[in-house]
Amino acid sequence: MSEPIDLRTALASFDALWSPRIAARVNDYDVRIAKVAGEHVWHVHADTDEFFLVLDGELRIALREAAGEREVVLPTGSVFVVPRGVEHRPSSDGGASILMFEPTGTPTVGDRHDPVPGHVDATTGHPLG
């Protein structure tokens with residue numbers, strides 16, 4: 001990658017929901033962007049944390065923790081890290097654009113997950129463009 005990437009332009013280049021695009025790589029990590037709406041799937045990443053930055057809209061992340069279930073709400077500009085081993089389900093009622101930072105090759109549906117609905121792309125990310 002030898003040129004800057006405008007994230008607005010990159011997000012405008014695709015319409016698929018829950019289907020992240022790899023905007024950049026940093027060492028052994030992907031910087032992924034995605035458009036989301038509705039619910040993802042309950043899943044867990046056993047060996048890695050998952051970083052979320054909301055670029056536009058609002059993202060909700062339901063968490064199943066030792067103390068019980070809770071939900072965090074992330075408005076535009078908010079960041080949140082789901083710790084490794086915590087089952088979670090992202091969702092967005094009105095739609096959102098998000099940026100995720102996670103190790104290259106990490107599946108979007110984690111290591112363990114509920115059945116994957118048709119609107120969720122089970123991938124390790126797609127190239128931009």
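**Q** Describe the packing of aromatic side chains, listing the residues and the values that go with them.
**A** Inspection of the entire model under this criterion finds one aromatic pair. One Lys or Arg, R21, reaches over the ring of F14 and ends 4.5 Å from the middle of that ring. A cation sits over an aromatic face here: K35 above F14, 5.4 Å from the ring centre.

**Q** Requested: an account of the pattern of salt bridges, with residues and values cited.
**A** A full pass over the atoms with the stated rule returns 12 salt bridges. Of the charged contacts in the structure, one is a salt bridge between K35 and D15, with a shortest N-O distance of 3.7 Å. Taken as a pair, K35 in strand β2 (residues 29-39) and D15 in the loop between α1 (7-12) and β1 (21-26) lie far apart in primary sequence, 20 residues in all. Classification of K35 as buried rests on a relative accessible area of 17%.

**Q** Summarise the environment of T124; cite the residues concerned and give the values.
**A** Positionally, T124 belongs in the loop between β8 (112-113) and β9 (126-127). Residue classification places T124 among the partly exposed residues on the basis of a relative accessible area of 36%. Ignoring any residue separated from it by four or fewer positions in sequence, one finds T124 in contact with I22, D30, R32, G105, T106 and P107.

Definitions and limits used
Residues numbered from 1 in each chain as written. Predicted model: local features only at pLDDT ≥ 70, side-chain atom pairs only at ≥ 80, totals over all residues. Heavy atoms only, no water. Phe/Tyr/Trp six-rings, centres within 6.5 Å; stacked < 30°, edge-to-face > 60°. Lys NZ or Arg CZ within 6 Å of the ring centre and 35° of its normal. Salt bridge = Lys/Arg side-chain N within 4 Å of Asp/Glu carboxyl O. Helix = DSSP H or I, 4+ residues; strand = E, 2+ residues; numbered from the N terminus. Buried < 20%, exposed > 50% of the residue type's maximum accessible area, 1.4 Å probe, protein only. Contact = heavy atoms within 4.5 Å.

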